[in-house]
Amino acid sequence: MRKDVRILLVGEPKVGKTSLIMSLVSEEFPDEVPLRAEEITIPADVTPERVPTHIVDYSEAEQTEEQLFQEISKANVICIVYAVNNKKSIEKVTSHWIPLINDRTDKDSRVPLILVGNKSDLVEHSSMETILPIMNQYQDIETCVECSAKNLKNISELFYYAQKAVLHPTGPLYCPEEKELKPSCIKSLTRIFKVSDLDNDGILNDNELNFFQRTCFNTPLAPQALEDVKNVVRRNMTDGVNDDGLTLKGFLFLHTLFIQRGRHETTWTVLRRFGYDDDLELTQEYLFPMVKIPPDCTTELNHNAYLFLQSVFDKHDKDRDCALSPEEVKDLFKVFPYMPWGPDVNHTVGTNEQGWITYQGYLSQWTLTTYLDVQRSLEYLGYLGYSIIYEQESQAAAITVTRNKRIDLQKKQTQRSVFRCNVLGARGSGKSGFLQAFLGKNLQTQRQIREDHKSFYAISTTYVYGQEKYLLLHEVMPDFDFLSEADLACDVVCLVYDVNNPGSFEYCAKVYKQYFIDSKTPCVMLAAKSDLHEVRQHYSLSPHEFCRKHKLHPPQPFTCSTIEAPSKDIYTRLTTMAMYPHARLRCMCACNRCSYCLCQNLLKLELLRSIKAQLCRVVFNSSSQRPPPLYSLTKRSVTALCRLTHGLLAREVTSQTCFWLPFFLFLLHVFTLC
C-alpha cells in the first residue's frame, strides 16, 4: 500500500478547480475564490482509505508551464476538471489536456486520469453522453464524476475516487474493451488459487475458501454466504463449481465480477496480501525479507519450514511413490515465474531408479539452497506462499541462523544440522565420482551422466551416533595458485588422489601444506580408485608417510567401481569429523581390529540399544515380580549408565577409553543377567 496519495487538479480557467478544493475543506461554497489554492494535506485518519492525501491546485495565471510539468511528474492521479455548461472546456479535455499529460508521463507508468464535470447545478442535463466516448477512447481514464462545488454535490466522492484510482487502479486488472481480466492479472490470481488449493485437487473446498477468506480479510465466511457465492458462480458459469468447490475459472469469474461492479479494492486486497505491487509483480519486501547473518554463521531451515516443504511435496506427489516425476516437478513449480531447478539437481541429490528426485533428495536440495544462498531460498518460499499458509510475518521465520562456529569449538558441541566438506584434488583424481557415490551411484551409472548435467555439489543425509545430519560435498576446481575464501571455508576437507596416477598425490600434499597445515579444519586423505593397481607417487614422501608426519589419518581407500551402491562409511566419518573437530580419533580405517573400528561395529550392531532394552525389561517388568535386591536400579540410573557408555564410544577413542570400556560392558552384562 502506498504511503500517501498526491492528487493534481488541472483544467481550463474558470471551471471551478479551486472552488472544489475549498468546498471540500470548509464544507461550504466560498464567497471569495483565490486564483489558486495552496497545497492541502488531508490526514490519514480522515480519509476512507487511511492514507494521507495531498491535493494540489493548478492556475495558469500564477504558474508557468514548467511548474505544471513538474506537478504532473509528481502526481499519482490527475483530475481534469471541465464545466458541464461549457462545451469548449469539454473539447479541451481531448484536444489539450490528455495529450499534454501523456507527453509528460512515461508510457509504461501512466498516471490514472479522472474526468470531473463541475457546475452540475447550472444545468438540468448530464454531460455523460459526451464524456463516455472519451472514456472508451483513452484507457488511462478511470472514471468520470459530475459534481457541484456550490451545493457540495459529489465533492467527497470525487476525492474518494481519486484516491481509489491510485490505491486500487483498474488498469492493471481489467480491459474494458474486452470486458475481461488482463493476462498479468489472470497469471497472478492463478498463482494465488494454486497456493490456496492446499490439497492440489484443482478446486477450493469450503475449508480452503474459509482459510483464503480469513487470510485476506481477517474474517471467515458464514456457511450461507459461502453457498451464496457458489450459487452466483453456478448461475453464470457451467464449470465454475465442481464437487461443491470453486474451480479456477469460477475463482477468476468472481474477481471479474468484483471489478465490473466497481469493487476493485476486493481484488487488490487479495493481490497485496499475496505479495503483489501495483504492477502485479511480487514485491522485493515480500520475496526478500531481511535476515541478518553474522560472520562464521550458517543458515538452515527450521522444523516448521521442513513441515511446510513436506506438505508441498505430498501435495504434488500424486502417485504416492515418494518421488517427484518430471511432470510433478513442473506442476510444483507452476507458481514460480521460472523453473528454479535444472537437470543438474538430479545429480546433486538422491534419486530413485528412474532418476526422479526422491523425498529425501527434495528436502536435501532445499537444505542446499538455504545453506549456499539463503536469499534464493527465501524467494522460493515466497513463491510457494510459506508466510501466508503458515501465517507468519515473512519467510524469514523459516530460517535458523546457527551460532558462531568459534563458540561451537569452545563448547565442543554443535547444534548445526548441515556440514560442508570441500573436496579437492588434481584433475582426474576421482572427485566427481566421490560426489556421485555419496548419492548411491556406482561408476557404471555415473558414466551415463551428460557433461552439461554434472554438478559440483552433492548433498544427502548421514547418521552420526543416531543423529541425522546433512553432509554437503563441494567439488573445488583444481587451481593451486588461487583458492578463494569459499574454497577454504568448510567444516572438513577431503583431499583426493588417484592411486593409479603417480602425479596425483603431489597436488594434495602441496594444497595441504599451503592452506591447511595450520588450520583447525579436519582433513582426510582419500585414496580414490583403490580397485586399481597402486603405483608409487612422484613425491618425496609416500601418502602414508605424509599422513604420519602431519598427524593425519592414513589415506582412506575408496572405489565406486562396484556393482552395488558404494559404501557410505567414509561419508559418515567425514560428518563425524565435521561435528567433532576437537576430537582426534586414533584412526579411520576399517580393519575391524582397532578400538575405533570395534566401537563402530558395536554401534552398527545396535548392541547398546539391545542392552538398554533388556535392562528396561528386567528392571521395569510386571510389578508382581520382586526386583533383585542387589541390583534394584531406577530408570534414571539405567538410562544414565547407557548414556555414559554411549558417550565413551562416541567420543575420542584413547587408551584410557579402551581401559574403561570392558569394565562398563561387564557392568551392563551383569545387570542384563539379573
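Residues numbered from 1 in each chain as written. Predicted model: local features only at pLDDT ≥ 70, side-chain atom pairs only at ≥ 80, totals over all residues. Heavy atoms only, no water.

**Q** Just give me the short version of the sheet that holds strand β19 (residues 492-498), but keep the residues and values in it.
**A** Taking strand neighbours across the sheet as the criterion, the six strands line up as β17-β18-β16-β19-β20-β21 in an open arrangement whose pairing is mixed. Only two strands of the sheet have a single neighbouring strand rather than two, namely β17 (457-464) and β21 (556-558). Strand-to-strand twist across the sheet, computed as the mean angle between neighbouring axes with direction ignored, equals 30°. Pairing analysis gives eight bridges linking β17 to strand β18 (residues 467-475), with the strands arranged antiparallel. Looking across to β18, one finds that T461 is bridged to Y470. (Pairing = 2+ DSSP bridges. Helix = DSSP H or I, 4+ residues; strand = E, 2+ residues; numbered from the N terminus. Axes fitted to C-alpha atoms, helices over the stretch in contact; angles between N-to-C directions.)

**Q** Outline the UniProt feature "domain: EF-hand" (unreviewed entry) in the protein chain, supporting the account with residue identities and numerical values.
**A** What UniProt calls "domain: EF-hand" (unreviewed entry) maps, in this numbering, to residues 304-339. Helix makes up 56% of residues 304-339 and strand makes up 6%, while its end C-alpha atoms are separated by 24 Å. (UniProt positions renumbered as here; feature names shortened; annotations may be inferred.)

**Q** A description of empty space enclosed by the protein should follow, citing residues and the corresponding values.
**A** Counted according to the given criterion, the structure contains one cavity of 30 Å³ or more. One number sums up the size of the largest cavity: a volume of about 70 Å³. Along the walls of the largest cavity sit K405, D408, L409, K412, Q413, T414, R416, A578, M579, P581 and H582, which together make up its complete lining. Within the residue set of the lining of the largest cavity, elements represented by two or more residues are α17 (405-411) and α23 (569-579). Looking at the lining of the largest cavity, the element that brings in the most residues is α17, giving three residues. Looking at side-chain class alone, the lining of the largest cavity contains four nonpolar, three polar and four charged residues. (1 Å grid on protein atoms, 1.4 Å probe; cavity = no way out; pocket = protein on both sides within 12 Å on 5 of 7 lines; lining within 4 Å. Points joined across faces, edges and corners; volume = space filled by probe spheres on them. Nonpolar A, V, L, I, M, F, W, Y, C, P; charged D, E, K, R; others polar.)

**Q** Any chance you could break down the packing of aromatic side chains for me, citing the residues and the numbers?
**A** For the structure shown, the criterion picks out 28 aromatic pairs. One aromatic cluster is present, formed by F313, F333, F336, Y338, W341, Y359, Y362, W366, Y380 and Y383 through successive ring pairs. Positioned over the ring face of F69 is R104, at 3.7 Å from the centre of the ring. (Phe/Tyr/Trp six-rings, centres within 6.5 Å; stacked < 30°, edge-to-face > 60°. Lys NZ or Arg CZ within 6 Å of the ring centre and 35° of its normal.)

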